[in-house]
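Reading the structure
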There are 2 protein chains.
Amino acid sequence: MAPGRPHPMSRRDFLIRLGQYAGTGMMLNAMASLGMGIASAQEIPPPLGPGNGKSVLILGAGLAGLCAAYELSRAGYNCTVLEARGFAGGRCQTARRGTVMEEVTGAHSVCEFDEGQYFNHGPWRIPYHHLSTLHYTKVLNVPLELMLNDNEQAYIYSERGTGALRGKAVRRQEVAADMRGYEAEILAKSIHQLELDSPLNEEDLERFVDYLVAHGALSTADRRYLGTRGRGYDVPRGGLLNAGSASTPHSMADLLDAGLWQTIRSVASFDQPKTMFQPVGGMDRIASAFEREIGHLVTYNAEISRITQNQQQVTIRFRNPDTNETQETSADFCVCTLPLFVLKNIESDFPDAFRTAMNAASAVTSCKLGLQMNSRFWEEKDRIYGGHSRVITELENVQISYPSHGFQGSKGIVQGIYNFGTDAVRYSVRSLDDRLEHALQMGEKIHPDYRSACETSFGVAWHLVKYSMGAYASWSQEAYNNEYRLLCEPSGRVFLCGDHMSYLPGWMAGAFDSTWQQLARLHEMAQNA
Amino acid sequence: MAPGRPHPMSRRDFLIRLGQYAGTGMMLNAMASLGMGIASAQEIPPPLGPGNGKSVLILGAGLAGLCAAYELSRAGYNCTVLEARGFAGGRCQTARRGTVMEEVTGAHSVCEFDEGQYFNHGPWRIPYHHLSTLHYTKVLNVPLELMLNDNEQAYIYSERGTGALRGKAVRRQEVAADMRGYEAEILAKSIHQLELDSPLNEEDLERFVDYLVAHGALSTADRRYLGTRGRGYDVPRGGLLNAGSASTPHSMADLLDAGLWQTIRSVASFDQPKTMFQPVGGMDRIASAFEREIGHLVTYNAEISRITQNQQQVTIRFRNPDTNETQETSADFCVCTLPLFVLKNIESDFPDAFRTAMNAASAVTSCKLGLQMNSRFWEEKDRIYGGHSRVITELENVQISYPSHGFQGSKGIVQGIYNFGTDAVRYSVRSLDDRLEHALQMGEKIHPDYRSACETSFGVAWHLVKYSMGAYASWSQEAYNNEYRLLCEPSGRVFLCGDHMSYLPGWMAGAFDSTWQQLARLHEMAQNA
């Protein structure tokens, strides 16, 4: 929408405002009244009337499976969960001393972090609008703390570009403040000459210039950007005669030459708010909380080898962990949360189209590496508490993330690698030693102590982990419109759930939301049976 | 500095970079080498060689006094602390069940919060660059957590201005994203027509437009602002068929008419970073930690009535809390941390000029009110977790702050009033009941549940609190250049410390920084004596 005078309130505006004032529930009701269908913006699980002892086999004890078992068993369904791994949570893991990681290539590592140190190598942050995830942290009493997802004191370092700032660690706030200031200066000085698409009246223009002066931190006298306290002080103010010393902006040309603005955003994206949540003590607290409630329903180390069904029931063949022999079990329904990259390789009698549709999901390749540092030099020397720095080389764009917990402690775990796509593939081909070496090379470009402080590392290449075979699923828009829709429908008595069955792949809320919706359908089918 | 090509590296640039790479200590050494004097950007306390049992009377057990006692006693000085209140910490207090507040007007209240609920009615946030404060939280093992000081999901509500957004609760991120987008759109479309002060070359211009497109979230095709996910979704994406629903921007004219941009900033100010710290469990944990170490040196309920000195020692007259009789005590030196508004009314033999200089400090009036709510409706209904909303009426601009701890708990304390100046004076004239009523009237403008959820309140009017008589001191620039400088010098054997003796009045770091500097001077005097 181009700048201009007010427009009449649209239906959407009405709904936005209703949502703001009366909450999403009221908004959704209104949308239904207006004939605007929308699947769900779920705040709470669907009501599941009495299950009357009907039986459900739940495949996988990741968050989707745990959620299904929790909700269905509360509603009176008779649930059994089969999990191939020896623990619950799926990819929602936290590395601690003793955690084991095996890759299908044979790489094997055991976490040697100090007791009390931990690293979320699966999901690591919860946005405020992931209502289903927040529902479970609340009802299961998992305490949350803030996770700083955008720290303006962190560094941007780039070997691309040119000029004075190339190959220098620059604070994000300097780039943000200076670019913002120059932009506002240019516009404030010239706004009255411009021909706008939808002319603002003279009063609007004056107010707009006021806005530019305030947001760009321009001098009120001549509308020049001369720096701002917000970009940092050379010397902070202090006691007695220390009046502090302001800092000097970078030149606009230096900033453009170095291209540093490419890694900052003026407004946070929706999925990545500037602060997010993390469970106190590690992300695996969520799975542990479910386990406390319904862990007795889970059989661990039970790898599934066949899924078949008839008009009455679903039959699962799996390895019995006690006897180590193959056996079968049947139930009225099945909730299948296995990643599609795993499921499609399991024998089944799904219709061909259903089975083929699974191939439309691409496995996202992704690696993480946590480095235990023997001092929190990023806090003590750089005054960076949480958030992310970026190291950009000709070949790579590496995010280095600092912990948002244990501030001022003696040690800490830095996330030195978090990559995707071809970066992740190239990285995961390296030996474990080479992976660490690469992370150290990147980190020491901005932190001189990085290598000497590093005591031990632990990481994951999700696309090489058995029972996952990918960090998460990626669907093209075309696949979302076609194959994905087919998989959303139950295949007989089998319902697919998991973050791969959502518009939030890779997020815990995708697992919960899809499960809530499928459970509502399962319950409806059970009642009508 | 106007946009343009690079300039040669200045001395200041050199120092900035040295500071970034080598830390502040190295930078300060370099500044000294370059002959650039600066008092201090202190990271650690000054070295205080052996005190050899010399005696120091410390007046006041606020943070400055506690700090002085801690450092001097460790260095071998013989310290006695006299405190008029019955507890340590001065204004650094946390209200909990049973906390008593008395005002000099006779108003008396006892905190009735539930057990476990608390509210920092004195200092409540620590910036990452307050190194002295962070020094003590570290060495005294006071755990810190993030305090969210800028939550883009919080509301701005204004009854000033006109148009469709007047009197509506609007999310801060909507205002930020939409103003940003329109600004970038205008500039991106017209940048090639503009005559700039310092012309950018063609390549610079292209890169600048790329920046505008990215930061304004403009469509790449025609450089229009059509909204962005960052301003929020009407319906967030979720499971199965819920692909979410984007939100529609406000019009630029509506935004200008309502003037909502006046309460948001693109770049955080230096004193108010977007995230700050708070001690886990309450700000009074800092005073408690000092008390654990040197509490035995403090005599509480010991009101001081006279300060005199001769060439050898300082003599303090005070009320002995055990006998309730006036008595005197003497020592080699005195560290006086009393607020100037209190000190200037105590009998003393300070030189006239020194005593008169105290009048140059103005007492800042300020009130706070914490409201215990029986539900965290701002989290459950509005999805606001921490940060501040603003309610702007014709008369007032009220900040409402949500707790950054106890997320998803059943109750919480909202800071409903935090005002200054004439707002604070007008507010503090009201009865305690009327103060609460006023806070409720403001809060219910954006939160329908505000009044019904409120169970009890507790607050402070710092300018009416005995032994404080102001929230903190304010110095004009002229006073900083004259009277303040006189007070920075010791008067005989008496050294003034406290946040009032700093360029950080009202901040805990001002208390610590000024104390560190005075202790270094005291120690020098003691050694030369």
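For the structure, check the block above.
A brief report on the enclosed structure follows. (Residues numbered from 1 in each chain as written. Chains lettered and ligands numbered in written order. Predicted model: local features only at pLDDT ≥ 70, side-chain atom pairs only at ≥ 80, totals over all residues. Heavy atoms only, no water.)

So, about the pattern of salt bridges. By the definition in use, this model includes 60 salt bridges over all chains. With a closest N to O distance of 2.6 Å, B:Lys138 and A:Glu380 form a salt bridge. Taken together, the residues span two chains, with B:Lys138 in helix H3 (residues 131-139) and A:Glu380 in helix H10 (residues 377-380). Put simply, A:Arg180, A:Glu183, B:Arg180 and B:Glu183 are held in one network by salt bridges that share partners. (Salt bridge = Lys/Arg side-chain N within 4 Å of Asp/Glu carboxyl O. Helix = DSSP H or I, 4+ residues; strand = E, 2+ residues; numbered from the N terminus.)

Residues and elements named next belong to chain B. Counting buried positions over the nine residues of H3 gives seven, a clear majority of the element. Within the span of H3, buried status applies to Leu-131, Ser-132, Thr-133, Leu-134, His-135, Tyr-136 and Thr-137. The secondary structure elements touched by the buried residues of H3 are helix H2 (63-74), strand E5 (144-148), strand E10 (275-279), helix H7 (284-294) and helix H16 (508-528). Phi turns positive, to about 55°, at Asn-141, one or two residues after H3. (Buried < 20%, exposed > 50% of the residue type's maximum accessible area, 1.4 Å probe, protein only. Contact = heavy atoms within 4.5 Å.)

In this section: the sheet that holds strand E14 (residues 326-331) of chain A. Residue and element names in this part refer to chain A. Spatial ordering of the open sheet is given by E14-E13-E12-E16, a layout of four strands whose pairing is mixed. In the strand order of this sheet, the two ends are held by E14 and strand E16 (347-348), each with one partner. Bridge analysis of strand E12 (residues 304-309) against strand E13 (residues 314-319) gives five bridges, and the strand direction is antiparallel. Among the inter-strand pairings, Arg-306 is bridged to a residue of E13, identified as Arg-317. (Pairing = 2+ DSSP bridges.)

Further remarks concern the packing of H2(B) against H16(B). All names here are of chain B. Where H2 contacts H16, the two axes come as close as 9 Å, and the packing angle between them is 40°. The pairing of H2 with H16 is recorded here as oblique in orientation. Crossing of H2 against H16: the hand is right-handed. Contacts from Leu-63, Ala-64, Cys-67, Ala-68, Glu-71 and Leu-72 of H2 reach H16 at Met-508, Ala-511, Phe-512, Thr-515, Trp-516, Leu-519 and Leu-522. Counted by class, the contact of H2 with H16 contains 11 nonpolar, one polar and one charged residues. (Axes fitted to C-alpha atoms, helices over the stretch in contact; angles between N-to-C directions. Parallel < 35°, antiparallel > 145°, perpendicular 65-115°, else oblique. Left-handed = near helix turned anticlockwise from the far one by under 90°. Nonpolar A, V, L, I, M, F, W, Y, C, P; charged D, E, K, R; others polar.)

The next thing to look at is the sheet that holds strand E11 (residues 298-299) of chain A. Residue and element names in this part refer to chain A. With parallel pairing, five strands are arranged side by side in an open sheet as E11-E2-E1-E15-E24. The sheet is open, and its two borders are formed by E11 and strand E24 (494-496), each paired with just one other strand. Relative to strand E15 (residues 333-336), strand E1 (residues 55-59) runs parallel, the two being bridged by four bridges. Along E15, the bridge assignment pairs Leu-59 with Cys-336.

The next subject is the relation of the copies chain B and chain A. Mapping chain B onto chain A calls for a screw motion: a turn of 180° about the axis and a shift of 0.0 Å along it, with 0.0 Å RMSD after fitting. Classification of the inter-copy transformation places it as that of a two-fold axis. Interface overlap between copies: 99% of the residues of chain B at the interface are likewise at the interface in chain A, consistent with a symmetric, same-surface contact. (Least-squares fit on C-alpha atoms with pLDDT ≥ 70 in both.)

Attention shifts here to the pairing of strand E19 (residues 387-392) of chain A. Residues and elements named next belong to chain A. Most of E19 sits out of view: five of its six residues are buried. The sheet contact formed by strand E6 (residues 155-158) and E19 spans three bridges and is parallel. By the bridge assignment for E19, Ile-156 is matched with Arg-390. Bridge analysis of E19 against strand E20 (residues 397-402) gives six bridges, and the strand direction is antiparallel. By the bridge assignment for E20, Ile-392 is matched with Asn-397.

Here the focus is the environment of A:Ile191. With respect to the helices and strands, A:Ile191 occurs in the loop between helix H4 (172-190) and helix H5 (202-216). For A:Ile191, a relative accessible area of 1% corresponds to the buried category. In this structure the C-alpha to C-alpha distance between A:Ile191 and A:Phe208, which are 17 residues apart in sequence, comes to 9.0 Å. With sequence-adjacent residues up to four places away left out, A:Ile191 is seen in contact with A:Leu205, A:Phe208, A:Val209 and B:Ile186.

Next up on the list: helix H12 (residues 432-443) of chain A. With 12 residues, H12(A) should cover 16 Å at 1.5 Å per step; its first-to-last C-alpha distance of 17 Å lies within 8% of that length. Buried within H12(A) we find A:Arg435, A:His438, A:Ala439, A:Leu440, A:Met442 and A:Gly443. (Expected span 1.5 Å × (residues − 1).)

Of note in this structure, A:Asn324 is not a glycine but carries a positive phi near 60°. Locating A:Asn324 in the fold gives a position in the loop between E13 and E14. Even without a glycine there, the phi angle at B:Met469 is positive, about 60°. With respect to the helices, strands and loops of the structure, B:Met469 is situated in the loop between strand E22 (454-461) and strand E23 (472-474).

Let's shift gears to the interface of chain B and chain A. A common measure of how large an interface is: the accessible area buried when the components associate. Taken residue by residue, the interface counts 123 residues in chain B and 125 residues in chain A. Roughly 11700 Å² of surface becomes buried between chain B and chain A when both sides are summed, with 59% attributable to carbon and sulfur atoms. Linking chain B with chain A are 12 salt bridges, by the criterion used here. Here B:Glu43 ties to A:Arg383 by a salt bridge, and the two come within 3.6 Å at their closest N and O atoms. Summed over the shared surface of chain B and chain A, the result is 34 residue pairs in polar contact (both at pLDDT 80 or more). Looking at the side of chain B that touches chain A element by element, the count peaks at 14 residues for helix H4 (residues 172-190) of chain B. Among the residues making up the side of chain B that touches chain A, the classes are represented as 62 nonpolar, 29 polar and 32 charged. (Buried area = accessible area lost by both parts, 1.4 Å probe. Polar contact = N/O pair within 3.5 Å; in protein donor to acceptor, adjacent residues only side chain to side chain.)

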